[in-house]
Amino acid sequence: MSDSLRERWLRGIAFNAAAPADVLIRLLDEAAGEAGLLMCEGRDLPDAVIDAALRHPVEPIRRALARNLHVDPARLAPLASDPSGLVRAYLAGGIRLQPRWVRPLPHDILVTFLTAQDGGADGRVTEKDIVGELWSSRQVPPSFPRHTAGHDHPALRLYAAFQWQSLTAAQRNALLDDLDPEVRKAARESSWVLDPEAVEAKLPSIGPRNTWFVLGTCALSPAVVEQCFADDEVHPLARNRHTPTDALARLARHPDAEIRRLVATRPDLGPEAAELRQDPDEDVRMRARLQPSIRNWAEFQAVHRVVGHGLDCTCPITKPATEPSPDWYATCAASEEPMLRRVAASWPGLPAELVGTLALDDDEEVRIRLACHHPLAPPHLLLDVFVTRPAHRPHLLTLPAFPRTGTAHLIGHPDPEVRALAAADPTLTEPPLEDPDEAVRRAAAANPTLTPETLETLLTDLRTAEGAAANPSLPVPRMHALLDHCLNGATTPPSTARR
């Protein structure tokens, strides 16, 4: 048996959807090499396999499990206090290739990371390194600071103090009077962002790299605002929700159309909104037409996440700290403005009857957003978007409602990714085992309609061995026989072992 054939068998069994726990646990053996690591990171796993991986003595196994997208993150909680700091860092850092659906970590895991006194027994990373990984991973939900502002542990209140603008006024006042001196100090040091005079005083010492952020998020004094206009650096003012009303009026008449676009949908825009609906720039006019429907910052953010994005937008899908009301989304779904219908299609809580209506919308982006965001999007729509918009394929394949049958008519499609989908369809009478594309052959070899005799032939062919080993029709004793050869060097012929 060649090493190449062995590697293909191991990879195939690692991702065989019908492989039971006792088969998969054998792949945790170091002799399985990369296949075991790929399995721990790349697929859903039975509870017994998760338990075995969580307490596995080989650190790379636990590191791989820490990055698993398919396992309920609550099951990974023991890894947050793993003896290895690298395992902790892998869990804090999140998935290697971030999916579009951003999955937040459970609060208990976040609390473990933020209250840790060390970075693990191995000393290879510090607790600060691990928290740094956490901040950059997008796994902390935007609502988390408000949940920690009143926590019993001072480290959690300290974290909340540094997220000053995410807190309510009552929470800020409580932190300024906190019993813990470190928390009080952090609260005082953070409070400057909402004090216009303090911001003005601090700006000269901030440095050019952070100035843009401050001008775009903090409360600004009249002098700072005037300086922005004098320096023609008004772009951050257009985004800043603290920008004064008189400055907004000036921005709405700015000669740069991009500035006018940025302010056109703001909920605090005054009578200038009517002027912008007559703007010479078509995009400005469209955004200004939306403005009367935007009454608060939650609605503004919902529109902002959609407006200006195109058919192939693959931005992360996150749950915001605050959501507009269901009634507002329903109104958007019935709007004559395609952009507002796109916003409605992007909300996963939209009722089924409105989903059915938007699935037939004349606007292609409405249909695409519905397919990518809503759990009730009809399977035929998911398939249509998969075929026509390649940018969304990786995301669509992760959705539970994505159709795995009814694709046989696509077997002759010129795009090999589409043919690979069709090749795996269990209703297909003759899977294309001789297709020129490797991924299509692999999918065809994994088609459960193939007979045991055919599978035996495919297992000995380098072009199809991995797909055949991943075939859910492969008998479990046969999986064990292949593993005997791969892991133990069994001498029984692979075609008859443990049949």
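Refer to the structure printed above.
Quick summary incoming for the structure in this document. (Residues numbered from 1 in each chain as written. Predicted model: local features only at pLDDT ≥ 70, side-chain atom pairs only at ≥ 80, totals over all residues. Heavy atoms only, no water.)

Before going further, it helps to spend a moment on the nonpolar core. Residues W9, L27, M39, L79, L91, F113 and L134 are the most contacted members of the largest nonpolar core, which totals 66 residues. Among residues more than four places away in sequence, those in contact with L27 are L10, I13, A14, A32, G36, M39 and L483. Listed in part, the 40 residues of the second largest apolar core include W347, L350, A377 and L381. (Core = buried A, V, L, I, M, F, W, Y, C linked by side-chain atoms within 4.5 Å. Buried < 20%, exposed > 50% of the residue type's maximum accessible area, 1.4 Å probe, protein only. Contact = heavy atoms within 4.5 Å.)

Attention now goes to the environment of C315. Locating C315 in the fold gives a position in the loop between α21 (297-304) and α22 (326-333). Classification of C315 by relative accessible area gives partly exposed; the value is 34%. The sequence separation of C315 and A446 amounts to 131 residues, and the corresponding C-alpha distance is 32 Å. Apart from the residues within four sequence positions on either side, C315 is in contact with R100 and H309. (Helix = DSSP H or I, 4+ residues; strand = E, 2+ residues; numbered from the N terminus.)

Together, D231, D232, E233 and D256 make up a negatively charged patch on the protein surface. By secondary structure assignment, the location of D256 is in the loop between α17 (245-252) and α18 (257-263). (Patch = residues over 30% accessible without salt bridge, like charges linked within 9 Å, V, L, I, M, F, W, Y side chains within 5 Å. Areas by Shrake-Rupley, 256 points an atom, 1.4 Å probe, with all protein chains shown as cover. Salt bridge = Lys/Arg side-chain N within 4 Å of Asp/Glu carboxyl O. Lys, Arg positive; Asp, Glu negative; His and termini not counted. Charge placed at Lys NZ, Arg CZ, Asp CG, Glu CD.)

What follows covers the packing of aromatic side chains. In this description, an aromatic ring pair is defined by two values, namely the gap between the centres and the angle between the planes. Inspection of every chain in the model, using the stated rule, returns six aromatic pairs. On the basis of an interplanar angle of 15° and a centroid distance of 5.0 Å, the ring pair of W135 and Y159 is categorised as stacked. Note that W135 is positioned in helix α8 (residues 127-135) and Y159 in helix α10 (residues 154-161), a separation of 24 residues in sequence. Taking 5.5 Å as the distance between ring centres and 45° as the angle between the ring planes, the aromatic pair formed by F144 and Y159 counts as tilted. (Phe/Tyr/Trp six-rings, centres within 6.5 Å; stacked < 30°, edge-to-face > 60°.)

Bringing helix α7 (residues 107-115) into the picture now. Of all the residues in α7, the buried ones are I109, L110, F113, L114 and T115. Elements that come into contact with the buried residues of α7 comprise α6 (85-93), α8, α9 (144-148) and α10.

Contact geometry of helix α15 (residues 222-230) with α17 gives a least axis separation of 11 Å together with a crossing angle of 15°. Between α15 and α17, the interaxial angle falls into the category roughly parallel. For α15 against α17, the interelement crossing comes out left-handed. Contact residues: V225, E226 and F229 in α15; A247, R250 and L251 in α17. (Axes fitted to C-alpha atoms, helices over the stretch in contact; angles between N-to-C directions. Parallel < 35°, antiparallel > 145°, perpendicular 65-115°, else oblique. Left-handed = near helix turned anticlockwise from the far one by under 90°.)

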